[in-house]
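# Chain and residue survey
Single-letter residue listing:
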Amino acid sequence: MAVTDPIADYLTRIRNAQMAGHAIVEIPSSKLKKRVTEILYDQGFIHKYTFQEQKPQDVIKIALKYNGKVPVIRKMGRISRPGLRKFAGAGDLPRIINGLGIAIISTSKGVMTGKEARKQNIGGEVLCYVY
């Protein structure tokens, strides 16, 4: 079945796997999802990840991170969606829980965290938040 919002599907698969207590989640791959996965790894929200080539579509395998039995990712949410895109300038980028969480931004220079976009003084589409 075709997915109309791949980022929302990505976030939901991670959220559902954590609620079920799974150690690994498999997600259909795309360039955008790969970059979001790299950001989550760099920020310490996931344990590790691998990109596997398969037919008919490549797969991202993500090893989820837990503190005991509590997931490290407390909450994930989609901000911009296909029906209502949310854009923000460099000065208007959201701060998630006073800087404890991250906002993932799609800019003209690639997908990055809100903190990196603010540092480079560029805005873009606010994809989602994670904390």
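A brief look at the structure comes next. (Residues numbered from 1 in each chain as written. Predicted model: local features only at pLDDT ≥ 70, side-chain atom pairs only at ≥ 80, totals over all residues. Heavy atoms only, no water.)

Moving on, we get to the overall build of the protein chain. The number of helices and strands found in the protein chain is 3 helices and 10 strands. Mapped from its N terminus to its C terminus, the protein chain presents α and β elements in the order α-β-α-β-β-β-β-β-β-β-β-α-β. On the principal axes, the C-alpha backbone points of the protein chain span a range of 40 × 35 × 25 Å. Here the protein chain, with 131 residues, has 38% of them falling under the buried criterion. Residue pairs at least 24 apart in sequence account for 62% of intrachain contacts in the protein chain once pairs closer than 6 positions are excluded. Of the roughly 7,800 Å² of accessible surface on the protein chain, 51% is carried by carbon and sulfur atoms. In the protein chain, 22 positive and 10 negative side-chain charges are present, and the distance between their average locations comes to 6 Å. (Helix = DSSP H or I, 4+ residues; strand = E, 2+ residues; numbered from the N terminus. Buried < 20%, exposed > 50% of the residue type's maximum accessible area, 1.4 Å probe, protein only. Contact = heavy atoms within 4.5 Å. Areas by Shrake-Rupley, 256 points an atom, 1.4 Å probe, with all protein chains shown as cover. Lys, Arg positive; Asp, Glu negative; His and termini not counted. Charge placed at Lys NZ, Arg CZ, Asp CG, Glu CD.)

On to the side chain of Thr37, then. Take Thr37: it is sitting in helix H2 (residues 31–42). Setting aside residues no more than four positions away along its own chain, Thr37 makes contact with Tyr10, Ile46, Tyr49, Ile60 and Ile62.

A pair can form between side chains of opposite charge whenever their charged atoms are brought close. Scanning the model with the defined rule gives 5 salt bridges in all. Of the charged contacts in the structure, one is a salt bridge between Glu38 and Arg35, with a shortest N-O distance of 3.4 Å. Highlighted residues: Glu38 and Arg35, both in helix H2, separated by 3 residues, approximately one helical turn. According to the relative accessible area criterion, Arg35 is partly exposed, its value standing at 26%. Between Arg85 and Glu125 there is a salt bridge; the shortest N-O distance is 3.0 Å. Taken together, the positions of Arg85 in the loop between strand S6 (76–78) and strand S7 (87–88) and Glu125 in strand S10 (residues 124–130) put the pair 40 residues apart, joining distant regions of the chain. (Salt bridge = Lys/Arg side-chain N within 4 Å of Asp/Glu carboxyl O.)

Shape is all these values report; function is a separate question.
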